[in-house]
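# Descriptive structure summary
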Amino acid sequence: MKRRKIVFMGTGPFALACLKALWDGRDAWDVAAVYTKAPKKAGRGMQVRDGAVAEFAREKGIPLVQALTLRTEEAQAAFRAIGADAAVVASYGLILPKGILEAPAFGCVNVHGSLLPAYRGAAPVQRAVMNGEKKTGVTLMQMDEGLDTGDMLAAAETPISDTDTAGDVFDRLALLGASLLTEKLPLLFEGALTPVPQPQEGSSYAAKIENAEQCLDFSRPAAELDRLVRGLSPVPGALCHFEKDGKVLKIRAARAVAEEHAGQIGQVVAVKPRVLVKTGAGTLELLTVQPEGKGQMSARDAVNGRRIVPGDRLCP
RNA sequence: CGCGGGGUAGAGCAGUUGGUAGCUCGUCGGGCUCAUAACCCGGAGGUCGUGUGGUUCAAGUCCCACCCCCGCAA
């Protein structure tokens, strides 16, 4: 059988796992090029910094394309010139226009971090954890012009435990997605995969995380806040503010405890032996926090340094 | 040259107008207790980021240079 040419398109850490898997399986196919989103000036000091995918491609000597958009005719011509048999797309961050989608004989295959048709969109893993889903997974999908609406080629599941963070689930999905990809790709090339249209029923949309969603509203039940903290971990992280000085306190890890304490909502009702905050229903135990301008520390350390004092009120 | 916070004991912090380096926790030893993550007593542990830098009788503290960490914004 002819050796197939694959173009990989991806940007985030989820993408890196897939790219690595493709690279490790390069005996079976040719990784002809890597597309990743062009880096912008960002971060402290506004430096231009390459992403992990770009770094990997450079290290392995794979031709690298860092485009800002694929809408232009030149970009699409350049893509066609590679003569790829298929494109593999994972958290790329750019919209693929029709001219790209239709260029490869086997189309563009997306690795998506949810069990479609649920959680289409930008933040499927975080949303699943925030909503308290018991399981999620990855879906291999034949891309079309819609937002994660293409026909499904394969899927794999993983359970979500009630202590999993989005990061934990993410790591698992990356591995799952990578192995699903390398397992099913040969079948795709043989024409042995049957595309299944996504059912209408059960579809949902996982919008990207808005800034305001990072704020913990302590009038909500502790269990919900627990899920929010886990869903936002490790990035961007949940946060609240000290009422006394307005300083930010990031809550990196916390858990709901089924106790009720006297006090006001959002108030630190105890710091010893555990750091407890009263919520609308139940109590939230702070485990790991990060005061403004400081690194992560245990809630215990924050108390020792008097960064958290009993009676402090926390607000969104 | 985007804005800002910070590097002091194993950890988290304080250190006022320069004058013998402190607090909470941990740790080690002892005590109290049926018991304890509780309480009491005692001990160990610090070249105060780097510069055989500058000012000074005297620098953690003031000045200069450099290194590193972090928050925001993107």
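Details of the structure are given in the entry above.
Here's what I pulled together on the structure shown here. Here the structure is a predicted model, which is why all the values come from computation and not from measurement.

## A few points about the pairing of strand β10 (residues 238–242)
In terms of burial, β10 is largely enclosed, as 4 of its 5 residues are buried. Where β10 and strand β11 (residues 248–257) come together, 4 bridges link them in antiparallel fashion. For Cys240, the partnering residue across the bridge sits in β11 and is Leu249. Between the end of β10 and the start of β11, which pair antiparallel, lie 5 residues, with Gly246 showing a positive phi angle near 75°. Across 2 bridges, β10 lies against strand β16 (residues 314–315) in antiparallel orientation.

## Considering the environment of Asn304
For Asn304, the position within the fold is in helix α8 (residues 299–304). The class for Asn304 is exposed, based on a relative accessible area of 53%.

## Some points on the environment of Ser204
With respect to the helices and strands, Ser204 occurs in the loop between α6 (166–190) and α7 (222–231). As a C-alpha pair, Ser204 and Asp171 span 33 residues in sequence and 23 Å in three-dimensional space. Once residues lying within four places of it in the same chain are set aside, the contact partners of Ser204 are Pro117, Ala118, Tyr119 and Arg120. Reaching out from Ser204, the side chain makes a polar contact with the backbone nitrogen of Tyr119 at a distance of 2.8 Å.

## Points about helix α2 (residues 52–60)
Three or four residues apart is the spacing at which side chains of an α-helix point the same way, because the helix has 3.6 residues per turn. Of the positions making up α2, those classed as buried are Val53, Ala54, Phe56 and Ala57. Looking straight down α2, one finds that the buried residues subtend no more than 160° of arc, so they occupy a single side. When the buried face of α2 is taken as reference, the exposed residues oriented beyond 90 degrees from it are Glu55 and Glu59. Where α2 is buried, its residues meet β1 (4–10), α1 (13–24), β2 (29–37) and β5 (64–67). Looking at the residues trailing α2, positive phi occurs at Gly61, about 75°.

The rules behind each value
Residues numbered from 1 in each chain as written. Chains lettered and ligands numbered in written order. Predicted model: local features only at pLDDT ≥ 70, side-chain atom pairs only at ≥ 80, totals over all residues. Heavy atoms only, no water. Buried < 20%, exposed > 50% of the residue type's maximum accessible area, 1.4 Å probe, protein only. Helix = DSSP H or I, 4+ residues; strand = E, 2+ residues; numbered from the N terminus. Pairing = 2+ DSSP bridges. Contact = heavy atoms within 4.5 Å. Polar contact = N/O pair within 3.5 Å; in protein donor to acceptor, adjacent residues only side chain to side chain. Arc of directions from axis to C-beta.

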